[in-house]
Amino acid sequence: MSLLKSREAILALAILALLGLIASRFPSFVSPRSLARVLTDTSPLILLALGQMAVILTKCIDLSVAANLALCGMVAALLNGAGVPLPLILLAVIALGAALGAFNGVLVWKLGIPSIVVTLGTMTIYRGTIFLLTGGAWVNAHQMSAAFKAFPRTVIAGLPVMAWIAVAVTAGFALLMTRTPLGRAFYAAGGNPHAAVYTGISVGRTQFLAFVLAGALAGLTGYLWVARYAVAYVDIAGGFELDVVAACVIGGIAIAGGAGTVAGCVMGALFLGIIKNALPVVGISPFWQMAISGSAILIAIAFNAASRREPGRIILKKAEARQLQEAGQ
Amino acid sequence: MQATPPAADGAPVLSLRDIVKTFPGVRALNGVRLDLFPGQVTALIGENGAGKSTIVKILTGIHQPDEGRIIVDGTETRFPTAQAAGAAGVTAIHQETVLFDEMTVAENIFIGHAPRTRWGLIDRRAMRRRAKEILAGIGADLNPAARLRDLGIASKHLVAIARALSIDARVVIMDEPTAALSHKEIAELYELVEKLKAQGKAILFISHKFDEIFRIADRWTVFRDGAFVAEGLMAEATEAGLVRMMVGRSVDQIYPKRPARIGPPALTVAGYCHPTEFEDITFTLHQGEILGFYGLVGAGRSEVMQALFGITRPSKGACRLGDQVRVIRSTAQAVAAGIVYVPEDRGRQGTVKGLPIFQNVTLPSLARTSRAGFLRLAEEFALAREYTQRLDLRAASLDQDVGLLSGGNQQKVVIAKWLATKPRIIILDEPTKGIDIGSKAAVHDFMSELAAQGLAVIMVSSEIPEVLGMSDRVIVMREGRIAAEFTGDDMTPENLVRAAVGIEGAAA
Amino acid sequence: MSPHDSRLPDHPTTAGRHIPDRLTSPAARALKSWEALLLVVAIAIFIMNAMASPWFLDPWSLSDATFNFTEKAMIAFAMAMLIVAGEIDLSVGAIIALASTVMGVAMSAGAPVPVLVLLGLGTGLACGAFNGLLVARFGLPSIVVTIGTMSLFRGISYIVLGDGAFTGYPAGFAWFGQGYVFWVVTVELVIFALAALAFGILLHRTNFGRMVYAIGNNATAARFSGIRVDRIRFILFLLTGLMSGVAAICLTSRLGSTRPSIASGFELEVVTIVVLGGVSILGGSGTIPGVVLAALVMGLVTFGLGLMNVPGIVMSIVVGALLIGVIALPRLLAMARGR
């Protein structure tokens, strides 16, 4: 009963049903190798969705993540061209991503500008900056060092490093969100900002940290993206921010803040990733992908709203008893 | 009237001196003082609007005083954040439960100071175990893993108390701690207070129930209109004396209730039910009558009123207006049917801050002041002027943002807004909560006048003197049901409280 | 800003005190407003452009420059009302794509110009109604709903068109996006002006507009005042859809073709115009004249940078910086003054 009521369980069932449906006609899609490829393909979405989750939990939104990713990716490619060793590049893009996130966060925290306005502005600024850096030029595969390109694709125990990073960050986020004061502060600041102040949590500072986290992950993903696809230019990952928000929404992260889980978020990203990878396999034009993910978003919000609908204040004693029983006590 | 501190206990743990706090339009505190002693309960007494909640916010680091000193153990200090207050050992159990619905009971109790494992992670097992211990200590049978949103208001209150106890506090503030508790739970709370006293904690007890104060407090302090009036020992106090200091005049002067000419039924409610909020609500309201609704905070009174006003829909039941059955599905339909509602939560539901006074007043009457859907400002100003003057509104201009007015004047704007629609039934939900004495008298006076003119009035109030002073008849609600109804000589404070808290054996 | 009670004369004759209607005249208020600042900025940019480029003041090039903003501004008026009411519609660019696609399908089937126009408007209305239904009727948050419909509407265009395009619109259809009413005044400019007037009156002179402000400042209190909040929200989405349909007709006519990527990124520029125009993204305040001025400022900046051969992507940096700057600057000044 309580298992069926959980959003995560339903999403997991939906993913299994989707896989089953595809497998019934195209069994090769569910082979371990194919699934590993889906996971690897979806890794950037998972990484960004986790960062976005932290931001959305605090009642904000970050529309600049894709531009941040693109800028950091380009910087990684340029640093590589300048002969900077890979570990330093990794550090640099994570720091740059975090700094770009911090810029968003400061405007939200210290100036109280709504996050949607801030990140709407910074998404164009960050992407425009790539043009200023390169004059619109591309960095192509032959301009990148072999080590630079090889790192995300190196296979360890059957999975490429890129996928392992997504797995590790997911695990880290699961710990962060449920087992650390900062994680709980994300939920508190978005769930009830008024009460958060009473418990000594600074809402603005918490939002700032969420932006920094989202930015750092976008920076890391920027390198992974550019290295995996072996190309960097102004428009990489254009519009990706909407996929990221979509993954969060499908994963049950409440846009009003304060509710949602890491498991849901990752499954939301996987759901979109499976659809994207399955379309060519089952022979549907990839042009269907956009409409399908749009519909998935709408179904997910409608579903989330229905499961969160406030029944009213609980005053009747029997209503409380009923509620607790349904919650699976 | 200033009493000397009691001899044996020595210095106060925490003292406030000359605290001033101003908000836009209101001077909430004007040079108040307060002393809290270890092992003693100090009752802070004052009407709504006396500055009690502001002092709590200053003590817990939410607000900073404009002037004045906070002295802990003889050393002057500041509480720039809630954390600083917590670190100094000040904790509060709030009137409104400030908690997190999406978190579990244990997480709510320990957020901000959860036990950690060796690795610095939150130790959830230890957290649940300790939560269970604390809850058991206050006699609360709650599962620490239950999500808060699944709990009722009384249970949430117990979680708030458990949270305050989970912090190793030296000063515990209890802001109306019994407002939502049943008789049994109140008895347990008293035991708890005794336990805390024995541990040497200083307790600030905010309540306007005198029986409670006389039962558990050792000392008293009275505030009125944001100013310190007097302080002393409970043993030397009398109820009449405290009331006089609280209101600044004697009680019977305040309620200008005129004799009612009760007319035919204006509204008949039959068997209203709601899945979680109330059930089996049946009553009749007459023209010219003021019908009081009394009960504990969270007894479901506002919820019933909001169902009558079309905010929520009852799952069962019918209501009759005059002699026709009406189904009210929206507030627009309620207003059209002549039912209006002055909400308790003035800031959120009453006034539209950001709009000027006149636009607030004309909001439900735009159809009358406009022509073919186009605004006519002159008509709007005329209507607003007429009704704000009748209520003796104090404002710089009708074009002023309503948010800049004091609580009492905002309430007058809300009432003016509804009177301008010429209603037949007016529901006032805690109409004088948090407003100054002058405005309070104006609201009471006006309520009497309206009833005398034949309007049917429902007044929801948690203040017994107000309920008794203004109502022709009183309905008492408890846990979402009508517990009792009193008229005439049965309308006594004892009867009301007994029905509201559900004393064992009576009306179950 | 407002004087206090004590300064007021006492009128002992009436029951209550006399309260003056106004203390500051609307004209005095207008002088200190955001709109006045925008006007100054617009004039300054105009003069700078005129000094920077000799071609700027040519009537024909100015007329050409209006295309930079007319289509977006038409939507911005409706969007401004929506944002004043505390909602947002990020699907406007996608509505244009879908409306344009529907017109393209009809055109391929040989539909005449009036039918194309009706279909464009009808598609816009239908999309607006869909958004409105989800937000107003089912109470879903508008930002995520319209992120979803943004993918859905444009996704349908992609399904229909793939990487193809509709071209070959009839000659009569070109009038909307390429025609002139007289001299250098384009059809689009006239539609822009009429829309500004209509939305200005609707927001500032009618009961409907008053209720929009009430909802934006406090939707709960508006509902508690007997206002049909959901109905008004629904109508606002309908209007935004309709104006997107109008913009779709103009844009399709001007480009003479439909691709699924048409008007991509429009939603962000529309929101930027609205916010630059002084409409609070949190709802409750803002004016149509402000949005008109913001559209002019954006148009002038884009045109001026274009004359200086600045590439489009750099212009977008300027626009992004402008968006953040105009909101951050007053707050920074207030903070500096507070210290």
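Each chain has its residues counted from 1, running along the sequence as written. Lettering for chains starts from A, numbering for ligands starts from 1, and both go in the order in which the items are written. Per-residue local features of the predicted model are confined to residues with pLDDT of at least 70, and side-chain atom pairs are confined, for both listing and counting, to 80 or more; whole-chain, interface and lining totals are unaffected and use all residues.

## Topic: the interface of chain A and chain C
Distance between backbone-placed C-beta atoms decides contact: two residues are in contact if it is within 7 Å. Between chain A and chain C, the contact holds 35 residues from the first and 39 residues from the second. Helix and strand assignments follow DSSP, with helices taken as H or I runs no shorter than four residues and strands as E runs no shorter than two, numbered in order from the N terminus. At the level of secondary structure, the elements contributing two or more residues to the side of chain A that touches chain C comprise α6 (115-134), α12 (240-250) and α14 (289-308) of chain A.

## Overview of the packing of helix α3 (residues 32-57) of chain A against helix α8 (residues 161-179) of chain A
Residues and elements named next belong to chain A. Helix axes are fitted only over the stretch in contact, all axes being lines through C-alpha atoms; the angle between N-to-C directions runs from 0 to 180 degrees. Contact geometry for α3 and α8: axes closest at 8 Å, N-to-C directions at 40°. One finds that α3 runs oblique with respect to α8. Pair α3 / α8 crosses with left-handed handedness. Two secondary-structure elements touch here, α3 through A36, L39, T40, S43, I46, L47 and L50 and α8 through M162, A163, I165, A166, V169, T170 and F173. Ten residue types, Ala, Val, Leu, Ile, Met, Phe, Trp, Tyr, Cys and Pro, are classed as nonpolar, four, Asp, Glu, Lys and Arg, as charged, and the remainder, Gly among them, as polar. Taken together, the residues that form the contact of α3 with α8 break down as eleven nonpolar, three polar and no charged. Each angle is binned into one of four classes, with values under 35 degrees roughly parallel, values over 145 roughly antiparallel, values of 65 to 115 roughly perpendicular, and all other values oblique. Handedness of a crossing is defined here by the sense of rotation of the near helix relative to the far one, left-handed for an anticlockwise turn of less than a right angle and right-handed for a clockwise turn.

## Things to note about the sheet that holds strand β18 (residues 456-460) of chain B
All names here are of chain B. Between any two strands, pairing holds if DSSP finds at least two bridges. One open sheet holds the six strands; their spatial order is β16-β17-β18-β13-β19-β20, and the pairing between them is mixed. In this open sheet, the two edge strands, each paired with only one partner strand, are β16 (339-342) and β20 (481-487). Strand-to-strand twist in this sheet, taken as the mean axis angle between neighbours without regard to direction, amounts to 20°. Where strand β19 (residues 473-478) and β20 come together, six bridges link them in antiparallel fashion.

## Notes on the interface of chain C and chain B
Between chain C and chain B, the contact holds 33 residues from the first and 39 residues from the second. Sorting elements by how many residues they give to the side of chain C that touches chain B places helix α10 (residues 207-217) of chain C first, with six residues. Among the residues making up the side of chain C that touches chain B, the classes are represented as twelve nonpolar, 13 polar and eight charged.

## A word on the environment of V184(C)
All names here are of chain C. For V184, the location among the structural elements is in the loop between β2 (180-182) and β3 (185-186). Separated by 120 residues in the primary sequence, V184 and D64 place their C-alpha atoms 8.6 Å from one another. Each residue touching V184, except ones within four places of it in the same chain, is listed here: P59, W60 and S63.

## Some details on the domain arrangement of chain B
Assigned domains within chain B: domain 1 (14-252), domain 2 (263-338 + 423-501) and domain 3 (355-418). Computed over C-alpha atoms only, the centres of domain 1 of chain B and domain 3 of chain B are separated by 39 Å. Per the annotation, domain bounds derive from an automatic or database assignment of domains.

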